[in-house]
Amino acid sequence: MEKALAGVTILDLTQYEAGTSSTELLAWLGADVIKVEEPKMGEQGRWRVTDKPGVDSYYFMLLNANKRSITLNLKSPRGKEIFIDLAKQVDIVSENYSLGTMESLGLGYDYLREINPRLIYLTVKGFGTFGPYSKYKSFDMIAQAAGGAMALTGFPGSPPLKPGPTIGDTGTGVHAACGILAALYQRERTGKGQRVEVAMQEAVLNYCRVPMMGTYLTHKPTPRVGNRLGAGPIGDIFKCAPAGPNDYVYLYCANPEMWRALWQTLGRPEIADDPRFTDRKERRQHIEELTQIVESWTSQRSKQEVMRIMGEAGVPCGAVLDSVELLNDPHLRERGMIATVDHPVRGEFTMPGCPVRLDDSPVEVKSAPLLGQHNREVYGRMLNFNDDDLRKLKEHGVI
């Protein structure tokens, strides 16, 4: 069955996470993503956080599934020539180097679009390519701070807190993939490519839209509220058995029907009409009592049991699943979101797969490539290089 992005070829110059996560998503959807890496060490994510010297890191493996890898020294004259020959044939070039790096190599968008007018060029930067902060370097936590996420996260009176998920990195990658798909669609009508730019700070800010809503009402910074959500009758985490560090559930009742279903399930239907909890102002004054009542029930059951009972009763409830539980979660495994691949060096490796499902384009999760694993395949097919050509290029440090 043909993949949704079959026929789309990407030269992937990205490193670490913000850029690599975008091209991984596109690779899952069927694009031919060719990772272009420095010949000796490869992309920095391969070895910066590895547990075994000389073996690709789990970090790299999690972010580069379904891609192919070639080596190419872009600082050598011959390497630049080869890259240009490849860029003439592909649909997308993707990079997240420091500002000005591609231009200093003579491979910036203004040049590449001259040789390939249909080219879509993705550039991911911490703060964009212009503006007062544009020269500043960024990583996920920098973007989370400058994009507003840290100011919103934590408990009242606590210092700002970095959210665990890497929304500054992979969150940016999702936005970048969206931009590429939009540019591909527009190219179908115009025949012309374009530059797609995503700034990490701005991607994080986009995730902060709804929490910022209070600012329009109070004209003050949105406060940190911890886990409590004030929009409904109840919204908080509650302890479960056996009281381990992640033995909690999150319960949220958004409307009166859910509120009544909650108390019916807990065997306390009379509380649904108790004015101490139905009136918003009164409920705020008795919130600790409300928490104690709910927790006296949840603390006697496992989080999985609470989630099942509440889910069947129509009450939104999520068990706080840790990373080990997620990799073994039966629901995620049945849906194919947790997949096991065979890595050439590490062997079987279980990882999260593609969160996007297309009926006519099922995703097959493949292992991240070894450094230069596809040199012969890619260079042979795209540039007609034979084994002797590749040998000479390697001897001269080009690949």
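Coordinates for the structure precede this section.
Parameters at a glance
Residues numbered from 1 in each chain as written. Predicted model: local features only at pLDDT ≥ 70, side-chain atom pairs only at ≥ 80, totals over all residues. Heavy atoms only, no water. Pairing = 2+ DSSP bridges. Helix = DSSP H or I, 4+ residues; strand = E, 2+ residues; numbered from the N terminus. Axes fitted to C-alpha atoms, helices over the stretch in contact; angles between N-to-C directions. Parallel < 35°, antiparallel > 145°, perpendicular 65-115°, else oblique. Contact = heavy atoms within 4.5 Å. Nonpolar A, V, L, I, M, F, W, Y, C, P; charged D, E, K, R; others polar. Buried < 20%, exposed > 50% of the residue type's maximum accessible area, 1.4 Å probe, protein only. Polar contact = N/O pair within 3.5 Å; in protein donor to acceptor, adjacent residues only side chain to side chain. Patch = residues over 30% accessible without salt bridge, like charges linked within 9 Å, V, L, I, M, F, W, Y side chains within 5 Å. Areas by Shrake-Rupley, 256 points an atom, 1.4 Å probe, with all protein chains shown as cover. Salt bridge = Lys/Arg side-chain N within 4 Å of Asp/Glu carboxyl O. Phe/Tyr/Trp six-rings, centres within 6.5 Å; stacked < 30°, edge-to-face > 60°. Core = buried A, V, L, I, M, F, W, Y, C linked by side-chain atoms within 4.5 Å. Disulfide = S-S within 2.5 Å.

## Section: the sheet that holds strand β6 (residues 195-199)
Working step 1: Across the sheet, 6 strands lie side by side as β3-β2-β1-β4-β5-β6; this open sheet has parallel pairing. Where the open sheet ends on each side, the last strands, each with one partner, are β3 (68-71) and β6. This sheet shows a mean twist of 20° between the axes of neighbouring strands, independent of strand direction.
Working step 2: In this sheet, strand β2 (residues 32-37) lies alongside strand β1 (residues 9-12) in parallel orientation, the contact comprising 4 bridges. Residue pairing across strands places Thr 9 opposite Asp 32, the latter belonging to β2.

## Concerning the packing of helix α8 (residues 170-190) against helix α9 (residues 200-207)
Two quantities define a packed helix pair, namely the angle between the helix axes and the distance between the axes.
Working step 1: For the pair α8 and α9, the least separation of the axes is 9 Å and the interaxial angle reads 95°. The orientation of α8 relative to α9 falls into the category roughly perpendicular. Between α8 and α9, the contacting residues are Gly 171, Thr 172, Val 174 and His 175 on the first element and Met 200, Ala 203, Asn 206 and Tyr 207 on the second.
Working step 2: Residue composition of the contact of α8 with α9, grouped by class: 4 nonpolar, 4 polar and no charged.

## Side note on the side chain of Arg 346
Working step 1: Among the structural elements, Arg 346 can be located in the loop between β10 (338-343) and β11 (347-352).
Working step 2: In this structure Arg 346 comes out as buried when scored by relative accessible area, which is 17%.
Working step 3: A distance of 3.0 Å separates a polar side-chain atom of Arg 346 from the backbone oxygen of Asp 56.
Working step 4: In contact with Arg 346, not counting residues within four places along its chain, are Thr 50, Asp 51, Lys 52, Val 55, Asp 56, Ser 57, Tyr 58 and Met 61.

## Considerations on a nonpolar patch on the surface
Working step 1: A surface patch of nonpolar side chains, about 270 Å² in accessible area, is lined by Phe 139, Met 141 and Ile 142.
Working step 2: With respect to the secondary-structure elements, Ile 142 resides in helix α6 (residues 140-146).
Working step 3: Taking relative accessible area as the criterion, Ile 142 reaches 36% and is therefore assigned partly exposed.

## Here's the deal with unusual backbone geometry
Working step 1: In this chain, Ala 241 is followed by Pro 242 through a cis amide linkage whose omega measures 5°.
Working step 2: Within the secondary structure, Pro 242 sits in the loop between β7 (234-239) and β8 (248-253).
Working step 3: Of note, Tyr 16 is a non-glycine position whose phi angle comes to about 60°, a positive value.
Working step 4: Here Tyr 16 is to be found in the loop between β1 and α1 (20-28).

## What about the packing of aromatic side chains?
Working step 1: Inspection of the entire model under this criterion finds 8 aromatic pairs.
Working step 2: Seen in terms of ring centroids, Phe 127 and Tyr 133 are 5.7 Å apart; in terms of plane orientation they differ by 80°. Their pairing is edge-to-face.
Working step 3: Given the relative accessible area of 9%, Phe 127 is considered buried.
Working step 4: Taking relative accessible area as the criterion, Tyr 133 reaches 42% and is therefore assigned partly exposed.
Working step 5: Taken together, a centroid distance of 5.6 Å and an interplanar angle of 80° make the contact between Trp 259 and Trp 263 edge-to-face. Here Trp 259 and its partner Trp 263 are both found in helix α11 (residues 256-265), 4 residues apart, which amounts to about one turn of the helix.

## Re the side chain of Gln 144
Working step 1: You can see Gln 144 is positioned in helix α6.
Working step 2: Residues in contact with Gln 144, not counting those within four places in the same chain, are Ala 149, Met 150, Lys 162, Pro 163, Pro 165, Thr 166, Ile 167, Gly 168 and Val 204.

## Remarks on the environment of Val 198
Working step 1: Relative to the helices and strands, Val 198 resides in strand β6.
Working step 2: Residues Val 198 and Leu 122, spaced 76 residues apart in sequence, show a C-alpha to C-alpha distance of 8.0 Å.

## Considerations on the pattern of salt bridges
Working step 1: Summed over all chains, the structure comprises 26 salt bridges.
Working step 2: Between Asp 12 and Lys 35 there is a salt bridge, with its nearest N and O atoms 4.0 Å apart. Of this pair, Asp 12 sits in strand β1 while Lys 35 sits in strand β2, and the two are 23 residues apart along the sequence.
Working step 3: Note on Asp 12: relative accessible area 0%, which makes it buried.
Working step 4: For Lys 35, a relative accessible area of 0% puts it in the buried group.
Working step 5: Glu 312 serves as the salt-bridge partner of Arg 308, at 3.9 Å between the closest nitrogen and oxygen.

## Quick word on the nonpolar core
Working step 1: Grouped together as the largest cluster of nonpolar side chains are 37 residues, with contacts concentrated most on Val 8, Ile 10, Leu 26, Trp 28, Ala 31, Ile 92 and Val 365.
Working step 2: For this core, the secondary-structure elements that each account for two or more residues are α1, α2 (58-63), β5 (120-125), α8, β6, α9, β10 and β11.
Working step 3: Here the element with the most residues in this core is α8; it accounts for 5 residues.
Working step 4: Sequence-distant contacts of Leu 26, defined by excluding residues within four places in its chain, comprise Leu 5, Ile 10, Ala 31, Ala 177, Ile 180 and Leu 181.
Working step 5: Residues Val 36, Tyr 97, Val 378 and Leu 390 belong to the second largest nonpolar core, which totals 31 residues.

## What to know about the state of the cysteines
Each disulfide consists of one covalent bond between the sulfur atoms belonging to two cysteines.
Working step 1: Counted under the stated rule, the structure contains 0 disulfides.
Working step 2: Its sulfur unpaired, Cys 208 is 18 Å from the next cysteine sulfur, which belongs to Cys 178.
Working step 3: Assessed through its relative accessible area of 4%, Cys 208 is described here as buried.
Working step 4: For the unlinked cysteine Cys 317, the closest cysteine sulfur is that of Cys 240, found at 7.2 Å.
Working step 5: Among the residues examined, Cys 317 registers a relative accessible area of 14% and is labelled buried.

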